[in-house]
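# Geometric and topological summary
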Amino acid sequence: MLKATLRSFLAHKGRLALSALAVVLSVAFVAGSLIFSDTVTRTFDRLFASTSADVTVGPKEDLDEAVPSGQTPTVPAKLKERVAGVEGVKDTHVDVSVENVTVVDRDNESVGSTTGAPTIATNWYPTDRSPVELTSGHAPRGDGQAMIDADTADKKDVEIGDTLTVLARPGSFKVKIVGIATFTTTNPGAALVFLDTPTAQRELLGSQEVATSIAVTAADGVSDPTLKRRIAAELGSGYELETADEQAESAASELGGFLDVIKYVMLGFAGVAVLVGIFLIVNTFSMLIAQRTRELGLLRALGADRRQVRRSVLFEALLLGLVGSTLGLAAGIGLALGLIELMGLFGMNLKSTEMVLGWATPVVSYVVGVGVTFVAAYLPARRAAQVSPMAALADAEIAGVGRPLKVRAVVGAVVGAAGAAALAGCATAEKTSSAASLLGLGIVLTLVATVVAGPLLVRPVIRVLGGAFPAVFGSVGRMSQRNALRNPRRTGATAAALMVGLALVGGLSVASASMTKSFDRQIDKTLGADFVVQNSNFMPFSPEITGKVKDTEGAGLVVRQRFAPIELALPDGRSVESTAAGYDPRLDDVAKVTYAQGSSREALAAGRIGMDKDFAEKHEVRLGDALPATFPGGRETKLTVGALTDQDSAEGFGIEGGLFLGFGTVEKYVPGGQDSALYVNAAPGTDADTLRERLEKTLDPYPQVQVRDQADYKELIRQQIAVMLYLVYALLGLAIVIAVLGVVNTLALSVVERTREIGLLRAIGLGRRQLRRMIRLESVVIAVFGALLGLALGMVWGVAVQQVLALQGMKELAFPWTTIVAVVIGSVVVGLAAALLPALRASRMNVLAAIAHE
């Protein structure tokens, strides 16, 4: 049996290669994501561990900033002397490092990272742990001098002697580049500008009396934890102390969010490849077993029992999984190398020679590849074991053609009803968490139900889809339609591979179209200003910009927005950390706020706060309640509830509870913050177009800031949603690639299966072109069937997703009909492309050899 199995596997290796591709793709994405994330993690762990000070003394941050306030936490610079006197301290120095800066050249073009990594202005204090070294020019000395990192200098064509402008919180200032520093370790993609320490303190922090942290070097023989305890005993609890290991760990956790995005995206691709590949493998093995009915029957007649036959088929699947996993692991290594090179284009210079291939990667790769193939082949293997010895005496028959579909109908109906109930529960749920759980359950159950019951839909749907074939293409059209109807199980399984990808696209397309429409409505409903001045990445900007905007000719009312971390003690006994938005008094002139109780005037008064009424009801807050509030730095006060808003969550201020305060209250308790947005109305006598031209001219030296009106905001939202759609389309592309392989495989095996039939058709006059057309039409009708099934299922999912989003205020439902029509047309193209090789092979058959084929 082992020898027969090996010979059978090698005899069908060409047919199994297409199935192996599905395994290769899924394993490649799994292995590539693990290798890449392990490499980046290991690289940055070494970077952070080798560059962090033994102990760092920083400001104590008691509240997390969910939305940036623009405030730069600092410690007194004179703290350095106190720390230097602690036993076990070898050396100390002040560090100044600020990320919310913009650097521009003489043409006002940004000189800094454009890939999401920060642009950091810092003081130059070289040590043996510095990540850079001076390689050209000299270090900055005094006002007006700076150094820049070599990677940024190369990308932005900055040379020694060039003049740059640094836009920091206290204001803008010009510097002359006097030196270039080169990274000695991995460049994380940041752009670095170095100043001497006094200049950095004054220009970046506004005073030479403060620093962002104190770096401490331990004396020989003193461990970092020991030194940390001694410094903590000296300074008390008012500061945040971290050892080198703790700093490396916190930095790695911040980087972890970025890595998780890449990892989960790639694992998403792997999941789609696995799911679609299962259909392909099941179909392939089912057809191979159907074609080998006489062979398997002969083995049974010669004495092989059912267990041996089942093991034989599963052993073939095991071989396929091993080969596919091995090739997939190799492809995953190549994919990881490609990602490393891609990161280099984005400024993150990783070294391919330091690529990490941990033991878990090959283990997971083989578990995925072999496991998927083994599971997918199990049902066909059981079917093979049921072949009777008498089948050796009969003509090979297609397995399952005449078998009733009653069991599928019952199982599909039950599972489908459960899935529909879950989706209905999702639409009626009042909490987002429970709605999301029901949504996930409903999607899984309806997908399973559609796959199980798909063959039941083959005959009625394909009779309609191919109904015009006989009239248009004559007998060739009639035969293509009947070929697709001949085996509903096979047609359903082939179409299911395409259905999965298109269901995903259909669902997320409906969700994204609904989000776009909802945000458009939100902007129309809430934004009342002529223009909004805002940083391109929504980070706060310098007060200098606010002054420039106010001084622009034709600018009338300017309302500032600034955010502040806050902790509220609520009547229900809970404390909630959130972010409050601060506004100038005339908020109603630039925004349309709906109030359940109170008004903007009462909410923005000194010592008052406004919030969303649903948040207030949840926490038993009433109008006029005085709530204890804590701001950064331990500043405490009581804020009286002055107003309750009646905004949809998505139409509010984008923060938990919709908290908002008067601008004066924010400045009092969070000094040193920066504005996040300016809402600007044109002065009487100035039209909006004229004001826009003047504002853009005013802000020309500040490329990080943009002027937007309602149309610009809508376009911005569409672009952000489009990023999600690009991922969906990439997933669709992968699913289509595997689905095309499935259609090609099915048609190729079908051609082999119908060799004798094709020979007889050729003998009675069917031309080569007619034969190719028959196979193409069969392929197209299967592809369109899968597309329609997938889109119908996807639109149901999309409606359910929109119901979950409605709990967050996105209540508009929209269908992207253009995308839907394009997908249907695309499925026709997919069907034609998948039929090219099988049709060509069929048309080249020798007629006499085909008739004599067994």
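Above this note sits the structure.
Just so we're clear, the structure is a prediction, and the values are computed from it rather than from any experiment.

## Quick look at the overall build of the protein
Per the secondary structure count, the protein includes 25 helices and 24 strands. In terms of overall dimensions, the protein has C-alpha extents of about 95 × 65 × 55 Å along its principal axes. Across the 854 residues in the protein, those meeting the buried criterion constitute 52%. Of the contacts formed within the protein by residues at least 6 apart in sequence, a portion of 83% connects residues at least 24 apart. Surface accessibility of the protein: about 37400 Å² in total, with carbon and sulfur atoms responsible for 56%. Each charge sign in the protein was given a centre, from 80 positive and 83 negative side chains, and these centres are 17 Å apart.

## Brief notes about the nonpolar core
Counting 69 residues, the largest nonpolar core has L439, I462, L527, Y583, L587, V590 and Y679 as its most contacted members. Sorting elements by how many residues they give to this core places helix 23 (residues 768-806) first, with 15 residues.

## Some thoughts on the pattern of salt bridges
Any two side chains of opposite charge can pair, on the condition that their charged atoms come close. Within this structure, the stated rule accounts for 17 salt bridges. Measuring nitrogen to oxygen at the nearest pair gives 2.6 Å for the salt bridge that ties D54 to R129. With a gap of 75 residues between them, D54 in the loop between helix 2 (13-51) and strand 1 (55-59) and R129 in the loop between strand 6 (119-123) and strand 7 (132-137) connect regions that are remote in the sequence. With relative accessibility at 8%, the residue D54 sits in the buried group. A salt bridge links E553 to R694; the shortest N-O distance between them is 3.9 Å. With a gap of 141 residues between them, E553 in the loop between helix 16 (543-550) and strand 16 (555-569) and R694 in helix 20 (residues 688-698) connect regions that are remote in the sequence. On the basis of relative accessibility, which here comes to 57%, the residue E553 falls in the exposed class. Beyond isolated ion pairs, a larger network of salt bridges with shared partners links R692, E696, D709 and D712.

## A closer look at helix 6 (residues 224-235)
Taking 1.5 Å of rise per residue, the twelve residues of helix 6 would be expected to cover 16 Å, and the 16 Å separating its terminal C-alpha atoms lies within 8% of that figure. Backbone geometry just after helix 6 places G236 at a positive phi near 85 degrees.

## Digging into the pairing of strand 16
The buried fraction of strand 16 is high, at twelve of 15 residues. Across five bridges, the pairing between strand 16 and strand 23 (residues 677-682) is antiparallel. Bridge pairing links Q561 to A677 in strand 23. When strand 16 meets strand 17 (residues 575-583), the two strands line up antiparallel, connected through nine bridges. Bridging across to strand 17, P565 finds its partner in T579. In textbook terms, the turn of a hairpin is the stretch between consecutive antiparallel strands, and for strand 16 and strand 17 this stretch comprises five residues, one of which, G573, has a positive phi near 95 degrees.

## Regarding the sheet that holds strand 3 (residues 89-95)
With antiparallel pairing, four strands are arranged side by side in an open sheet as 3-13-1-14. Single-partner strands in this sheet number two, and they are strand 3 and strand 14 (239-243). Direction aside, the axes of adjacent strands within the sheet are offset by 20 degrees on average. Relative to strand 13 (residues 213-218), strand 1 runs antiparallel, the two being bridged by three bridges. Paired with V55 across the bridge in strand 13 is V216. Strands in contact with helix 6 are strand 1, strand 3, strand 13 and strand 14; relative to strand 14, the strand with the most contacts, it is inclined by about 170 degrees.

## Focus on the pairing of strand 9 (residues 163-167)
For strand 9, the tally of buried residues reaches four of five residues, placing the bulk of the element in the interior. As defined by bridge partners, strand 5 (residues 102-104) adjoins strand 9 across three bridges and the pair is classed as antiparallel. Residue V103 lies in a different strand from strand 9, and its bridge partner there is V166. As judged from the five bridges shared by strand 9 and strand 10 (residues 172-183), these two strands associate in the antiparallel manner. If you follow T165 over to strand 10, its bridge partner there is K174. If you look at the hairpin formed by strand 9 and strand 10, you'll find four residues sitting between the two strands, and G171 has a positive phi there, around 150 degrees.

## Here's the deal with helix 15 (residues 488-526)
Counted at 1.5 Å a residue, the expected span for helix 15 with its 39 residues is 57 Å, and the 54 Å between its end C-alpha atoms agrees. For helix 15, the principal kink sits at A496 and spans about 30 degrees. Counting buried positions along helix 15 gives 33 out of 39 residues, so the element sits mostly inside the fold.

Thresholds, definitions, all that
- Residues numbered from 1 in each chain as written.
- Predicted model: local features only at pLDDT ≥ 70, side-chain atom pairs only at ≥ 80, totals over all residues.
- Heavy atoms only, no water.
- Helix = DSSP H or I, 4+ residues; strand = E, 2+ residues; numbered from the N terminus.
- Buried < 20%, exposed > 50% of the residue type's maximum accessible area, 1.4 Å probe, protein only.
- Contact = heavy atoms within 4.5 Å.
- Areas by Shrake-Rupley, 256 points an atom, 1.4 Å probe, with all protein chains shown as cover.
- Lys, Arg positive; Asp, Glu negative; His and termini not counted.
- Charge placed at Lys NZ, Arg CZ, Asp CG, Glu CD.
- Core = buried A, V, L, I, M, F, W, Y, C linked by side-chain atoms within 4.5 Å.
- Salt bridge = Lys/Arg side-chain N within 4 Å of Asp/Glu carboxyl O.
- Expected span 1.5 Å × (residues − 1).
- Pairing = 2+ DSSP bridges.
- Axes fitted to C-alpha atoms, helices over the stretch in contact; angles between N-to-C directions.
- Bend = angle between axes of the 7 residues up to and from the residue.

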